[in-house]
Amino acid sequence: MDIREENTDSKLIAHIEGEIDLEKTDDLREKISVIIDNHKSIELNLTKVTYIDSSGVAVLIESNQKAQELDKELTLNLSEAVLSVLKMAKLESFFKMA
Amino acid sequence: MLTKTFKGDKSDLTHIRKFIQDFLKEEGIKEDLQYQVILAIGEAAMNIVQHAYRGGDSSKKIKVDLSLEEQLLLISFFDEGIKVDPSKIKPRKLEDIRPGGLGTHFIKMVMDDVQWGEVKDNWVNNLILKKKL
């Protein structure tokens, strides 16, 4: 899994690629948390994520909750793989989409 | 039947998924169904690492048996971790949105049958997942 940050005029885009599973989620949680602390508007670009398990979904839920608590805007841009898992968890409307 | 043994650690979760994916590809299973099965299998393997091995123990093993006969996919996991009490495994309610508790939901949603089998030798738990393909 790779994370690349792109600063635009309106928001920070975190481009996340590869597979998100239990082995990667500690690192992902920490990096997204720092991004939320340092930026007002954030997009998580997950369009190149090929696999996400429930531990990865948990990181997305935690990140969304943290952003709400800090009054930050967090949006997601999803791959079909991620969208299908969020639909299975009935979470597709829980997140704000980019 | 195919059998492979992995480390009881999160570093081998990707290898367990690859093992299953290669098998499903070889059997000509369509991609969206492959993805669902791999998700369920990945969750089952993650549960073993997280709970039976309390976050992972690379000195312990996870054995995976795979077979497909008359379109019935059978995946059997063996581990040597803490004995699982199946009565305590419950998915969370989906409307109760919080981190965690989704893995069991995914497994039950994808697979047709989830059972705990009898164990022998040094194995402690045997989780058997079945799906008609």
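Keep in mind the model is a prediction, meaning the values are calculated, not measured.

Re the overall build of chain A
For chain A, the count of helices and strands is three helices and five strands. For chain A, the succession of helices and strands along the chain, N to C, is β-β-α-β-α-β-α-β. In summary, chain A has a C-alpha radius of gyration of 12 Å against a globular reference of 13 Å for 98 residues, a match within 12%. Along the first, second and third principal axes, the C-alpha atoms of chain A reach 30 × 25 × 20 Å. A buried classification covers 37% of the 98 residues belonging to chain A. Contacts spanning at least 24 positions in sequence make up 71% of the contacts within chain A whose residues lie at least 6 apart.

Thoughts on the confidence of the model for chain B
Mean pLDDT over chain B: 93, with 100% of residues reaching 70 or higher. In the model output, the complex is listed with pTM 0.93 alongside ipTM 0.90.

Quick look at the nonpolar core
Residues and elements named next belong to chain B. Core analysis: the biggest nonpolar cluster contains 55 residues, and Ile16, Ala40, Ile41, Ala44, Ala45, Ile48 and Phe77 have the highest contact counts within it. Top element by residues in this core is helix α2 (residues 31-52). It accounts for 10 residues. Discounting residues that sit within four places of it in the chain, isoleucine 48 has contacts with Gly8, Tyr53, Ile62, Phe77, Asp79 and Gly81.

Things to note about the packing of α2 of chain B against helix α3 (residues 103-110) of chain B
Angle between the axes and distance between the axes are the two parameters that describe a pair of packed helices. All names here are of chain B. Relative to each other, α2 and α3 sit at 140°, their axes nearing to 9 Å. Here α2 lies oblique to α3, going by the angle between them. Crossing handedness for the pair α2 and α3: left-handed. Where α2 abuts α3, its residues Gln36, Val37, Leu39, Ala40, Glu43, Ala44, Met46 and Asn47 lie against Gly103, Phe106, Ile107 and Val110. Partitioned by chemical class, the residues of the contact of α2 with α3 number eight nonpolar, three polar and one charged.

Regarding the sheet that holds strand β1 (residues 2-8) of chain B
All names here are of chain B. Pairing is antiparallel in the open sheet, where five strands are placed in the order β1-β2-β3-β5-β4. Whereas interior strands pair on both sides, the edge strands pair on one side only; in this sheet they are β1 and β4 (113-116). Strand-to-strand twist of the sheet, defined as the mean angle between neighbouring strand axes without regard to direction, takes the value 20°. In the sheet, β4 pairs with strand β5 (residues 125-132) via four bridges, with the strands oriented antiparallel. Bridged to tryptophan 116 within β5 is leucine 127. Contacts between α2 and the sheet are confined to β1, β2 (57-69), β3 (72-79) and β5, with β3 contributing the most and set at about 15° to the helix.

Let's talk about the environment of valine 124 of chain B
Residues and elements named next belong to chain B. With respect to the helices and strands, the residue valine 124 is situated in the loop between β4 and β5. Between the alpha carbons of valine 124 and isoleucine 82 there is a distance of 7.2 Å; along the sequence they are 42 residues apart. Those residues in contact with valine 124, other than ones at most four positions away along the chain, are Asp79, Glu80, Gly81, Lys83 and Val119.

Focus on the interface of chain B and chain A
Contact with chain B, which involves 19 residues of that partner, is made by 18 residues of chain A. Only α1 (13-26), α2 and α3 of chain B provide two or more residues apiece to the side of chain B that touches chain A. Sorting elements by how many residues they give to the side of chain B that touches chain A places α2 of chain B first, with six residues. When its residues are assigned to classes, the side of chain B that touches chain A shows 11 nonpolar, five polar and three charged.

A few points about α2 of chain B
Residues spaced three or four apart along an α-helix face the same direction, because each turn holds 3.6 residues. End to end, α2 of chain B covers 30 Å across 22 residues, agreeing with the expected 32 Å (1.5 Å per residue, within 8%). Of the residues flanking the end of α2 of chain B, it is arginine 54 of chain B, one or two places downstream, whose phi is positive at about 45°.

So, the packing of helix α1 (residues 22-38) of chain A against helix α2 (residues 54-69) of chain A
Residues and elements named next belong to chain A. Contact pair α1 / α2: the axes reach a minimum separation of 9 Å and the direction vectors enclose 15°. Considering the angle they form, α1 stands roughly parallel to α2. Taken as a pair, α1 and α2 cross one another with a handedness that is right-handed. When α1 is examined against α2, the residues Leu22, Thr25, Leu28, Arg29, Ile32, Ser33 and Ile36 are found in contact with a partner set consisting of Ser55, Gly56, Val59, Glu62, Ser63, Lys66 and Ala67.

Regarding the sheet that holds strand β5 (residues 96-97) of chain A
Residue and element names in this part refer to chain A. Sheet architecture is open: five strands sit in the order β1-β2-β3-β4-β5, paired in mixed fashion. Of all the strands in the sheet, the pair left with one neighbour each is β1 (2-7) and β5. Relative to strand β4 (residues 73-78), α2 is tilted by about 150°, and along the sheet it contacts β2 (12-20), β3 (41-52) and β4.

Cut-offs and rules
Residues numbered from 1 in each chain as written. Chains lettered and ligands numbered in written order. Predicted model: local features only at pLDDT ≥ 70, side-chain atom pairs only at ≥ 80, totals over all residues. Helix = DSSP H or I, 4+ residues; strand = E, 2+ residues; numbered from the N terminus. Rg over C-alpha atoms; globule rule 2.2 N^0.38 Å. Buried ≥ 20, exposed ≤ 12 C-beta atoms within 10 Å, placed from the backbone. Contact = placed C-beta atoms within 7 Å. pLDDT = per-residue confidence, 0-100. Core = buried A, V, L, I, M, F, W, Y, C linked by C-beta atoms within 7 Å. Axes fitted to C-alpha atoms, helices over the stretch in contact; angles between N-to-C directions. Parallel < 35°, antiparallel > 145°, perpendicular 65-115°, else oblique. Left-handed = near helix turned anticlockwise from the far one by under 90°. Nonpolar A, V, L, I, M, F, W, Y, C, P; charged D, E, K, R; others polar. Pairing = 2+ DSSP bridges. Expected span 1.5 Å × (residues − 1).

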